[in-house]
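# Per-entry structural report
Spelled out from the first residue to the last, the chains are:
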Amino acid sequence: MSPIRRMSWDPVLQNGLHSSKENLVVTIGHSLRACYDSILQQGVPMRFRSLIEMIERSEREAMRASKR
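Notes on the structure follow. No experiment lies behind these values; they were computed from the predicted model shown. (Residues numbered from 1 in each chain as written. Predicted model: local features only at pLDDT ≥ 70, side-chain atom pairs only at ≥ 80, totals over all residues. Heavy atoms only, no water.)

## Here we look at the overall build of the protein
- From N to C terminus, the protein includes 2 helices and 0 strands.
- The 68 residues of the protein split such that 3% are buried. (Helix = DSSP H or I, 4+ residues; strand = E, 2+ residues; numbered from the N terminus. Buried < 20%, exposed > 50% of the residue type's maximum accessible area, 1.4 Å probe, protein only.)

Written out as structure tokens, the structure is:
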């Protein structure tokens, strides 16, 4: 079994049962980032880029039309 590698931003959980809500939210956020970091680094696949560009273009056009 390989040892767990800690990232520099990986928080160390506090000992005790009385963690603040903010501390829990930060801990969950860091845990999710650790799980999905490698996926986020891969970038957007080419087959989705054109779809994203079309959506962004239509959103910009809708924003311009609503300001008129």
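The rest of the description comes next.
## Observations concerning helix 1 (residues 21-41)
- When the terminal C-alpha atoms of helix 1 are compared, their 29 Å separation across 21 residues agrees well with the 30 Å that a helix rising 1.5 Å per residue should span.
- Approximately 50 degrees is the largest bend angle found in helix 1, and it occurs at Cys35. (Expected span 1.5 Å × (residues − 1). Bend = angle between axes of the 7 residues up to and from the residue.)

## A few points about a positive patch on the surface
- A cluster of basic side chains, namely Arg57, Arg60, Arg64 and Arg68, defines a positive patch on the protein surface.
- Note on placement: Arg68 falls in the segment after helix 2 (46-67). (Patch = residues over 30% accessible without salt bridge, like charges linked within 9 Å, V, L, I, M, F, W, Y side chains within 5 Å. Areas by Shrake-Rupley, 256 points an atom, 1.4 Å probe, with all protein chains shown as cover. Salt bridge = Lys/Arg side-chain N within 4 Å of Asp/Glu carboxyl O. Lys, Arg positive; Asp, Glu negative; His and termini not counted. Charge placed at Lys NZ, Arg CZ, Asp CG, Glu CD.)

## Quick word on a nonpolar patch on the surface
- A contiguous nonpolar patch, built from Ile28, Leu32, Tyr36, Ile39 and Leu40 and spanning about 540 Å² of accessible area, is present on the exposed surface.
- Secondary-structure assignment places Leu32 in helix 1.

## Side note on the environment of Ser58
- You can see Ser58 is positioned in helix 2.
- Since its relative accessible area comes to 40%, Ser58 is described here as partly exposed.
- A polar contact is formed between the side chain of Ser58 and the backbone oxygen of Ile55, at a distance of 2.9 Å. (Polar contact = N/O pair within 3.5 Å; in protein donor to acceptor, adjacent residues only side chain to side chain.)

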